[in-house]
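# Analysis of the macromolecular model
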Amino acid sequence: MKDEFLPLFEPFDLPSGVQLKNRIVMAPMTHTASHLDGSVSEVEIKYYVRRARGIGMLITGSAAVMANGGFPGSAAADRDELIPGLRNLASAVQSVGTKAVLQIAHGGRKCPPFIDDIVGPSPIPEPKEGAIVPRELTAEEIPDIIRAFGEATRRAIEAGFDGVEIHGANGFLIQQFYSPHTNRRDDEWGGSRKERMRFPLEVVDEVRRVVQLHAKKSFIVGYRITPEEAETPGITMDDTLALVQALALKKIDYLHIAQNDIGSGSQRANGDTRPCIEIIKEHAGNLPIIGVGSIRTAENAAQALQAGVPLIALGRELIMDPEWLKKIVQGREDDIKTKLAKTDQLQLEIPDSLWGIIMRVPGWFPVETEA
């Protein structure tokens, strides 16, 4: 292995006391391979384990905290009967020496139209043709959703996961509450930035309360954010920095920055042309950052570490090449796959459902045309 890549393999201690064996994380991604009732399938376990080998931490795709907050083919953590399947997933990932983190989420207005009760902070539909207008949550319902995040955390603890990641990104319900685009409320859950921030912070507080009550060992609590929104009004970099500073006081373990390109800059940062992640890191204090997006090569990852990002998440890269890290150890970083062949599915143990997404969404994955 080349010396320049040695930092990728250094252990990292999270604030909770959990140590990751190296700096590489599998990013949470939709695979739609769970059973339709939200229970974990053997297919998804094999998919995850194949990619967990060698990395420091694996974050699952989103698991719904309520029945009306999920997506078909995604796991759920909204009822106790799902704990055995979640336990099988956690133990399988841990069996190859990797920390297992369950992402917990509520989709809000992003949930599919056949969901009986699509909800949001305000009746603002997604900006796309045929979008459902979500039902505005009542003030009395909101604490129930916060408690649901806590109950999902309890189930993750009972299932043996090493932690949870609170999904506050990608336009899901938590982000909808913080966004001035989707939150037009005039009660204590909306209005000013401080009031819009209340829901995200109370979710964090509830998750941490449950961890302190139920976890018998150090337990990871992470939070994922999307730095900006395109809509006006929408989340700006100033909004994000205010949230980051508030989260840094909550004693969580990491902040996961959801971007398509780790080096992309802000469109709404008052002329600051630096990458978003660099601006955020300045305001995060001692809160560790996970960077993700277009980190395709060993050189990309090493450069991100040198720039001060302590943890690197890989998404599509680990789907295309589960041996991404192994090849670096063996000095074969030039052999890392950067394209999928149409004959790769079985060898890479990619679920049929995910393979279908890859094949029908042009440009989502680089695919070799000659295969």
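Here, every reference points to the structure presented above.
These lines cover the structure that appears in this document, whether it is placed above or below. (Residues numbered from 1 in each chain as written. Predicted model: local features only at pLDDT ≥ 70, side-chain atom pairs only at ≥ 80, totals over all residues. Heavy atoms only, no water.)

### Some points on the packing of aromatic side chains
Taken as a whole and assessed by the stated rule, the structure comprises 4 aromatic pairs. Judged by centre distance (5.6 Å) and plane angle (45°), the rings of Phe71 and Phe172 are tilted. Taken together, the residues span a long stretch of sequence, with Phe71 in the loop between β5 (63-64) and α2 (83-94) and Phe172 in the loop between β9 (163-168) and α4 (173-178) at a distance of 101 residues. For Phe172, a relative accessible area of 10% translates into the label buried. Ring plane angle 75° and centroid distance 6.4 Å describe the contact between Trp189 and Phe199, whose orientation is recorded as edge-to-face. You can see Trp189 sitting in the loop between α4 and α5 (193-196) and its partner Phe199 sitting in helix α6 (residues 198-214), a full 10 residues away along the chain. Overall, the relative accessible area of 2% leaves Trp189 in the buried class. Take Phe199: its relative accessible area is 0%, and that puts it in the buried class. Counting every residue linked through ring pairs, the aromatic cluster contains Phe177, Trp189 and Phe199. Cation over ring: Arg196 sits above Tyr178, and NZ or CZ is 5.6 Å from the ring centre. (Phe/Tyr/Trp six-rings, centres within 6.5 Å; stacked < 30°, edge-to-face > 60°. Helix = DSSP H or I, 4+ residues; strand = E, 2+ residues; numbered from the N terminus. Buried < 20%, exposed > 50% of the residue type's maximum accessible area, 1.4 Å probe, protein only. Lys NZ or Arg CZ within 6 Å of the ring centre and 35° of its normal.)

### As for the pairing of β9
Residues in a regular strand project their side chains so that they alternate between the two faces of the sheet. For β9, the tally of buried residues reaches 6 of 6 residues, placing the bulk of the element in the interior. Of the two faces of β9, the one carrying Gly163, Glu165 and His167 and the one carrying Val164, Ile166 and Gly168 are both buried. Here strand β6 (residues 99-105) runs beside β9; their pairing, made up of 4 bridges, is parallel. Bridged to Val101 within β9 is Gly163. One ladder, built from 6 bridges, connects β9 with strand β10 (residues 220-225); its direction is parallel. Bridge pairing links Val164 to Val221 in β10. (Pairing = 2+ DSSP bridges.)

### Things to note about the pattern of salt bridges
The full count for this structure, using the stated rule, is 26 salt bridges. The shortest N-O distance in the salt bridge between Glu10 and Arg23 comes to 3.6 Å. One end of the pair, Glu10, is in the segment before β1 (12-13); the other, Arg23, is in the loop between β2 (19-20) and β3 (24-26), with 13 residues separating them in the sequence. Residue Arg23 is classed as buried on the basis of its relative accessible area, which comes to 12%. The salt bridge involving Asp117 is made with Arg135; its shortest N-O contact spans 2.9 Å. Pair noted here: Asp117 is in the loop between β6 and β7 (119-120) and Arg135 is in strand β8 (residues 135-136), with a separation of 18 residues, a long-range link. Among the residues examined, Asp117 registers a relative accessible area of 27% and is labelled partly exposed. (Salt bridge = Lys/Arg side-chain N within 4 Å of Asp/Glu carboxyl O.)

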